[in-house]
Amino acid sequence: MIRWGIVSTGRMAAALIDAIREAGGEVSAVSSRTGETAERFAGEHGVPAWFGSAAAMAAHDLDAVYVASTNQAHLADAVPFLEAGIGVLCEKPLALNGAQAVTMAETARRNGAFLMEAMWMVFQPAFVELERLIGAGTIGPVHHVRADFGFPADLDPSGRLTDPRLGGGALLDIGIYPLSLAHALLGRPTRSAAEAVLGPSGVDLQVGAISVHGDAVSDLSASFLADTSLEAVVSGSEGRLRLEAPFHHAPRVTLHRGGDQIDAWETGYPGSGYRFEVEEVHRCLAAGETESDRRPLSDTLEVMHWMDDLRRQIGVRYPGE
């Protein structure tokens, strides 16, 4: 049984505990910035050990950890485990920027440790079905990807979504989903153009990007202001595939040609949607693999560098950059 540790005690940490157990793993320890917080969370979720820092938990007997801290802390929280040879599943985005992500990848490779970004979308049944349908030539060569992710968010200036000290902004928090979808299907773009609405704190509250990938184009957006469709449409020369909302864990994929719906595939599932990425970590660790071929570090790094480029265009910088 894979023994897990959890870094941080927020909503995602609690969600992953359920997913880990559903996937047959054991949650052995949790860490937080204070021992009191970690102890309280451990008691609430039946975790036997707790620590007042990630570095302290790195000395515990673990096979893997899930890093659920805010964006600016991913590098510091992940490195002690990677240096100890403990596998890391790190919440998306992998780091605050491409340079930090490269440091994490190099640390993992130097120590022979597993590292994967928790981009749960690519392990979803809908994503697997999308790839199968495209591979079967259902819509011909893909020439266009459109995806949006938006919701009216709590814009508390001290909250993680809008505080630049915590790596806030729509692009890093939710824009990474449309970008990762387009990257998985089209590869890294040769050029991109981005525009954004910035909030009082200087981070992006709404961002849109048009990018060219060879003979294909992606039209992607993220918003903390608008209630968007949360859908994705992948279009080829012979039709289009629609990932119904929410596209990053779509309950259904439909095929359209012209104005007609031709076919549909149900892709919903019972239980936790995060268990699929946990199962991939378990598979990789059992096989002695240090990267997932479903979410290799090369893909994560390319998306991180793409986001760096978009942030430069819209004028968003984080402290220390």
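Please read all numbers here as calculations on a predicted model, not as lab measurements. (Residues numbered from 1 in each chain as written. Predicted model: local features only at pLDDT ≥ 70, side-chain atom pairs only at ≥ 80, totals over all residues. Heavy atoms only, no water.)

Enquirer: How should the overall build of the protein chain be read in this particular structure?
Expert: Helices and strands together make up the secondary structure of the protein chain, namely nine helices and 14 strands. Over its C-alpha atoms the protein chain spans a radius of gyration of 19 Å, differing by no more than 12% from the 20 Å that the globule rule assigns to 321 residues. Counting the 321 residues in the protein chain, one finds 55% classified as buried. Here the contacts in the protein chain between residues at least 6 apart in sequence split such that 65% fall between residues at least 24 apart. A total of about 12600 Å² of accessible surface is found on the protein chain, and carbon and sulfur atoms cover 50% of it. Taking the 25 positively charged and 42 negatively charged side chains of the protein chain as two groups, their mean positions are separated by 2 Å. (Helix = DSSP H or I, 4+ residues; strand = E, 2+ residues; numbered from the N terminus. Rg over C-alpha atoms; globule rule 2.2 N^0.38 Å. Buried < 20%, exposed > 50% of the residue type's maximum accessible area, 1.4 Å probe, protein only. Contact = heavy atoms within 4.5 Å. Areas by Shrake-Rupley, 256 points an atom, 1.4 Å probe, with all protein chains shown as cover. Lys, Arg positive; Asp, Glu negative; His and termini not counted. Charge placed at Lys NZ, Arg CZ, Asp CG, Glu CD.)

Enquirer: Would you explain a nonpolar patch on the surface in this entry?
Expert: A cluster of nonpolar residues, Leu155, Val197 and Leu225, forms a patch on the protein surface that exposes about 220 Å² of accessible area. Along the chain, Leu225 falls in the loop between strand E10 (216-223) and strand E11 (232-236). (Patch = residues over 30% accessible without salt bridge, like charges linked within 9 Å, V, L, I, M, F, W, Y side chains within 5 Å. Salt bridge = Lys/Arg side-chain N within 4 Å of Asp/Glu carboxyl O.)

Enquirer: Whenever I open this one, the sheet that holds strand E1 (residues 3-7) confuses me. Can you help?
Expert: Strands belonging to one sheet form pairs held by backbone hydrogen bonds; the direction of such a pair is parallel or antiparallel. Taken in spatial order, the six strands line up as E3-E2-E1-E4-E5-E6 in an open sheet, and their pairing is parallel. Of all strands in the sheet, those bounded by a partner on one side alone are strand E3 (49-51) and strand E6 (115-118). The mean inter-strand angle of the sheet, taken between neighbouring strand axes irrespective of direction, is 25°. Relative to strand E5 (residues 87-91), strand E4 (residues 64-67) runs parallel, the two being bridged by four bridges. Across the sheet, the residue bridging to Tyr66 is Leu89, located in E5. (Pairing = 2+ DSSP bridges. Axes fitted to C-alpha atoms, helices over the stretch in contact; angles between N-to-C directions.)

Enquirer: Sorry if this is basic, but what is going on with the pattern of salt bridges here?
Expert: Oppositely charged side chains may form a pair once their charged atoms are brought near each other. Under the defined criterion, the tally for this structure stands at 20 salt bridges. Residues Asp63 and Arg3 are paired through a salt bridge, measuring 2.9 Å at the closest nitrogen-oxygen approach. You can see Asp63 sitting in the loop between helix H3 (54-57) and E4 and its partner Arg3 sitting in strand E1, a full 60 residues away along the chain. Its relative accessible area of 23% is what places Asp63 among the partly exposed residues. Residue classification places Arg3 among the partly exposed residues on the basis of a relative accessible area of 27%. Three or more residues joined by partner-sharing salt bridges are found here, namely Glu231, Arg242, Glu244, Arg252 and Glu266.

Enquirer: Looking at this structure, I do not really get the packing of aromatic side chains. What am I missing?
Expert: How two aromatic rings sit relative to each other is given by the distance of their centres and the angle of their planes. Taken as a whole and assessed by the stated rule, the structure comprises six aromatic pairs. Aromatic side chains Trp120 and Tyr274 sit 4.3 Å apart centroid to centroid with 40° between the ring planes, which places their arrangement in the tilted category. Within this pair, whereas Trp120 is found in the loop between E6 and helix H6 (125-135), its partner Tyr274 is found in the loop between strand E14 (260-266) and helix H8 (275-287), the two being separated by 154 residues in sequence. The two residues Trp120 and Tyr274 agree in class, both being buried. One aromatic cluster is present, formed by Phe149, Phe151, Tyr177, Phe224 and Phe247 through successive ring pairs. (Phe/Tyr/Trp six-rings, centres within 6.5 Å; stacked < 30°, edge-to-face > 60°.)

Enquirer: Would you mind showing me how to read the pairing of strand E8 (residues 191-198) here?
Expert: For a regular strand, side-chain orientation follows a simple rule: the groups alternate between the two sheet faces. Of the pairings in the sheet, the one linking E8 to strand E9 (residues 204-213) comprises eight bridges and is antiparallel in character. When the bridges of E9 are listed, Val197 appears paired with Gln206. Hairpin remark: E8 followed by E9, antiparallel, with five residues in the connecting loop; positive phi at Gly202, about 95°.

Enquirer: Hey, could you run me through helix H4 (residues 74-83) in this one?
Expert: One turn of an α-helix holds 3.6 residues; hence residues three or four places apart share an orientation. Those residues of H4 lying buried are His74, Asp77, Ala78, Val79, Phe81 and Leu82. On its buried face, H4 is in contact with E1, H3, E4, E5, helix H5 (98-111) and E6. Gly85 sits one or two positions beyond H4 and adopts a positive phi of about 80°.

Enquirer: Quick question: what am I supposed to make of unusual backbone geometry here?
Expert: Peptide bonds are trans in most cases, and residues, glycine excluded, mostly fall at negative phi. In this chain, Lys92 is followed by Pro93 through a cis amide linkage whose omega measures -10°. In the segment running from Ala245 into Pro246, the intervening peptide bond is cis, with an omega of -5°. Examined against the element boundaries, Pro246 turns out to sit in the loop between strand E12 (239-243) and strand E13 (252-257). Although it is not a glycine, Ser8 sits at a positive phi angle of roughly 95°.

Enquirer: Please explain the environment of Arg257 as it appears in this structure.
Expert: Mapped onto the elements of the fold, Arg257 is located in strand E13. Taking relative accessible area as the criterion, Arg257 reaches 36% and is therefore assigned partly exposed. Measuring from C-alpha to C-alpha, the distance between Arg257 and Arg240 comes to 6.5 Å, with 17 residues separating the pair along the chain. Each residue touching Arg257, except ones within four places of it in the same chain, is listed here: Thr138, Glu238, Gly239, Arg240 and Ile262. Of note is the side chain of Arg257, whose polar atom sits 2.7 Å from the backbone oxygen of Glu238. (Polar contact = N/O pair within 3.5 Å; in protein donor to acceptor, adjacent residues only side chain to side chain.)

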